[in-house]
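The primary structure of each chain is shown beneath.
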Amino acid sequence: MMKVGPAHLAQSPLFDGVPSEGVEIAEQALRMLVFEPGQTVFEAGDRGHALYLIESGRVKISHTNLDDREKVLAYLNAGEVFGEMSLVDDAPRSATATVVEPAVIHALYLEEYWGLVRRFPQVAHNLARIIAHRLREMNHEVEVLTFEEARGKVAYALLKLYRHRYGEATPRGRRMPLTHREVADLAGTSRETATRVLGQFIEMGLVGSGSRAIEVLDPAGLENVLYDL
Ligand code: CMP
């Protein structure tokens, strides 16, 4: 088992306010896993008794419906946690986790998690905070998907990725590897609608378009579209 540096771990919201002794104990308990793009950490419906901490790389959390259409729930980056829901409620995995950029991920199993929480209850509070934050984000997303027109939905999808620091910073904004199909799956629109809206956003100077990528140039402008300002 390889170890991850405590300084790195301490940056995860799971360890906010946890004394360094607690972070060191967590470090002993973690199992390091290395993934290549395209590999799944787990699939929706699997049983699972571990949560995962991303040291580096990027993980896509998604659902595929019976027509093989994918809904991306989130892209998660270094420092973020996933898999906490099955750890907490013992139900099957609620979504599939697929690695999209080479990743080093650490698993924390239920028994070790409890050992840690008994000594450092702050860890459980931090996990509750992470779940509360995701619920807020989902409530907002439900509102957008229910009430917004296509433009609002596409603006929201791009902003969500932007805030999760998806892709890479450029001098003009942030370049996010995305096809129009992927934008459509994130926004819950057809591919044709996503393409039409992206064309409008390009004309408005909100985004730029490259090969299989979208560059967000004006996040404040996208927010104006979302909130009809
Ligand atoms: P779990 O159900 O164990 O496995 C799938 C994981 O995806 C889930 O835990 C969460 O960690 C994560 N997840 C599920 N829904 C969302 C969401 N809407 N946003 C971010 N992460 C999510």
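Residues numbered from 1 in each chain as written. Predicted model: local features only at pLDDT ≥ 70, side-chain atom pairs only at ≥ 80, totals over all residues. Heavy atoms only, no water.

Turning our attention to the domain arrangement of the chain. Segmentation of the chain into domains returns domain 1 (6-144) and domain 2 (149-226). Contacts between the two partners involve 15 residues from domain 1, matched on the other side by 15 residues from domain 2. In total, about 1500 Å² of surface goes out of reach between domain 1 and domain 2, with carbon and sulfur atoms giving 47% of it. Considering only the surface of domain 1 that becomes buried against domain 2, Arg 69, Tyr 75 and Val 144 emerge as the three largest contributors, covering 39% of it. Seen at the junction of domain 1 and domain 2, the total is one salt bridge. A salt bridge links Lys 160 to Glu 141; its shortest N-O distance comes to 2.7 Å. Our enumeration of links across domain 1 and domain 2 arrives at nine residue pairs in polar contact (both at pLDDT 80 or more). At the level of elements, strand S4 (70-76) and helix H5 (122-147) are the ones that each hand at least two residues to the side of domain 1 that touches domain 2. (Domains from an automatic or database assignment. Contact = heavy atoms within 4.5 Å. Buried area = accessible area lost by both parts, 1.4 Å probe. Salt bridge = Lys/Arg side-chain N within 4 Å of Asp/Glu carboxyl O. Polar contact = N/O pair within 3.5 Å; in protein donor to acceptor, adjacent residues only side chain to side chain. Helix = DSSP H or I, 4+ residues; strand = E, 2+ residues; numbered from the N terminus.)

Let us now look at the sheet that holds strand S9 (residues 207-210). Sheet architecture is open: four strands sit in the order S7-S8-S10-S9, paired in antiparallel fashion. The open sheet has two edge strands with one neighbour each: strand S7 (168-169) and S9. Strand direction decides the pairing type here: S7 and strand S8 (residues 174-177), joined by two bridges, are antiparallel. Following the sheet pairing, Ala 169 is matched in S8 by Arg 174. Against the sheet, helix H6 (residues 150-163) touches S8, S9 and strand S10 (213-216), its axis set at about 105° to S8. (Pairing = 2+ DSSP bridges. Axes fitted to C-alpha atoms, helices over the stretch in contact; angles between N-to-C directions.)

Within the chain, residue pLDDT values average 91, and 96% of them lie at 70 or more. Mean pLDDT across the secondary structure elements of the chain bottoms out at helix H1 (residues 6-10), with 63, and peaks at strand S2 (residues 40-42), with 97. (pLDDT = per-residue confidence, 0-100.)

Counting 29 residues, the largest nonpolar core has Val 154, Leu 158, Leu 178, Val 183, Phe 201 and Leu 222 as its most contacted members. Contributions of two or more residues to this core are made by S4, H6, helix H7 (180-187), helix H8 (191-203), S10 and helix H9 (219-226). Counting residues domain by domain, this core receives three or more from each of domain 1 (6-144) and domain 2 (149-226). Ignoring sequence-local partners within four residues, the contact set of Phe 201 consists of Arg 151, Val 154, Ala 155, Leu 158, Leu 206, Val 207, Leu 222 and Val 225. Membership of the second largest hydrophobic core comes to 19 residues, among which are Leu 30, Leu 108, Tyr 113 and Leu 116. (Core = buried A, V, L, I, M, F, W, Y, C linked by side-chain atoms within 4.5 Å. Buried < 20%, exposed > 50% of the residue type's maximum accessible area, 1.4 Å probe, protein only.)

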